[in-house]
Structure formats: structure tokens, C-alpha cells
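Close look at the chain arrangement
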Amino acid sequence: MNILLEIGLEEIPARFLKPSLNDIETFISKELKENRISFGEIKTMGTPRRLVLEVSSLADKQEDLDEINIGPSKSVAFNDDGQPTKACLGFAKSQNVEVEDLEIIDNGKGEYIAVKKFLTGKNTETLLPEILKNLILNLSFPKSMKWGTKKFRFARPLRWILALADTKVISFEIEGISSGNVSKGHRFFGNSEFTVDSISDYYAKIRANFVIVN
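The present account deals with the structure reproduced in this document. In this text, all values refer to a predicted model and were calculated from it rather than measured experimentally. (Residues numbered from 1 in each chain as written. Predicted model: local features only at pLDDT ≥ 70, side-chain atom pairs only at ≥ 80, totals over all residues. Heavy atoms only, no water.)

Across its full length, the protein chain holds five helices and twelve strands. The C-alpha atoms of the protein chain give 23 Å as radius of gyration, which overshoots the globular expectation for 214 residues (17 Å, by more than 25%). Once the C-alpha set of the protein chain is aligned to its principal axes, its extents read approximately 80 × 35 × 25 Å. When the 214 residues of the protein chain are sorted by exposure, 43% land in the buried category. Of the contacts formed within the protein chain by residues at least 6 apart in sequence, a portion of 60% connects residues at least 24 apart. As displayed, the protein chain offers around 11900 Å² of accessible surface, 48% of which is attributable to carbon and sulfur atoms. The protein chain carries 29 positive and 30 negative side-chain charges, and their two centres are separated by 11 Å. (Helix = DSSP H or I, 4+ residues; strand = E, 2+ residues; numbered from the N terminus. Rg over C-alpha atoms; globule rule 2.2 N^0.38 Å. Buried < 20%, exposed > 50% of the residue type's maximum accessible area, 1.4 Å probe, protein only. Contact = heavy atoms within 4.5 Å. Areas by Shrake-Rupley, 256 points an atom, 1.4 Å probe, with all protein chains shown as cover. Lys, Arg positive; Asp, Glu negative; His and termini not counted. Charge placed at Lys NZ, Arg CZ, Asp CG, Glu CD.)

Set out below in C-alpha cells:
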């Protein structure tokens, strides 16, 4: 699976472009790794009216999670009466489990409390809307602004969002602006709007509409 994200906006200062594209690459790499989604190449491109991200060869689903998280030693986790200590309660809370769900294991250094976790990986398509939405919401700029009645802050007003996984739209919404498969050409020479059927179609049509995005 390949994905394409185009964030369309009013003209931003040229000096914002490179740092913003670097931040996009850093964020998406971190998010995909934390979500256990393997991927290939990350490309970022842009003009003053658009910030573009392409990621190739995403796995169709997360890797399954099978791990053991080890906490304090048994002697620290339970007092002489066998009651859980603050250390034990804190570890259980950090793992989102009850004390009764903790196990005692011998890791070669002695007995420790632990949590065994197994999670079946989710389909990547179900995770992408939240990942891409958070990417946009977490972008920061030397100066940002609000517009109209919106609470969302960005370098300049956000005008459209194109988000595709191969040929499918990755659907999400930010303050009334819904993602889709529509982009815009050069402000003066291109079409005001055009529909994109695939990622390769995007590159062909954006060039035909007088935009050199890379």
C-alpha cells in the first residue's frame, strides 16, 4: 500500500517550507513505528500552497504485539502481609491492568512482577485516518493563525486535504474540512479543482495544472 497526503492552504512564507516538510517526515516515521506499521520510502514535497507526503510500501496491518513488561521485584511490589505496595499499584496503573492481572516471573535475577501482552495487529487502513489527522494537527510553525470561527491554528488558512491509500480516500475531518480526492492547480494557470483517481494520477494531473510539486 502507498499513501499520499496533500495539505492545501493559502500561501505560506517560503522559509516555512523546508522545516515543515522535515517535521512531516519526522512525525510520520515516528507514528508508523509506534503503531508497528512497516513502511518503505518517505518523500515530502511542497510549494507555498501545498505540503505533500508520500509513503510507499506500507504493510496492510500492524505487526502483532507479543511482549512481557517487567516491573519491580516481588519483594518491592508486595509487603510482608502480601498486600500490593505503591510501587506495585503504580506499575499496574501504567500498564492499564488490575493488580490481579499481574504475574510473577523469574527472569534470572529473581522474582519480579510482570504483564504479558498479546495484541493482534489492526488493519493499517483503520489507523491511517487518525495518524494523518494528528500529523496535521501537530504541525507547528514560527507563526500561526486562526481564521473565521475556527479554533484550529496553522501557518495559513487550511483550504483542502487530499488523502489517498492507493486509489481509496483516507477519510477524516478537521474543523469542517473533510479529506477527499480533490486537489487544485496553479492559482492562475491551472484548474481551480480536479479529481485524483490514484497517486500516479495525482502527479500527472498536478503537472498538467502547472504545478511542479517536487
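Back to the write-up after that little detour.
The next point concerns the pairing of strand 10 (residues 177–180). Across two bridges, the pairing between strand 7 (residues 158–165) and strand 10 is parallel. The residue bridging Leu162 from the neighbouring strand is Gly180, located in strand 10. Counted along the chain from strand 9 (residues 173–174) to the antiparallel partner strand 10, the turn is two residues long, and its residue Glu175 has a positive phi close to 45°. (Pairing = 2+ DSSP bridges.)

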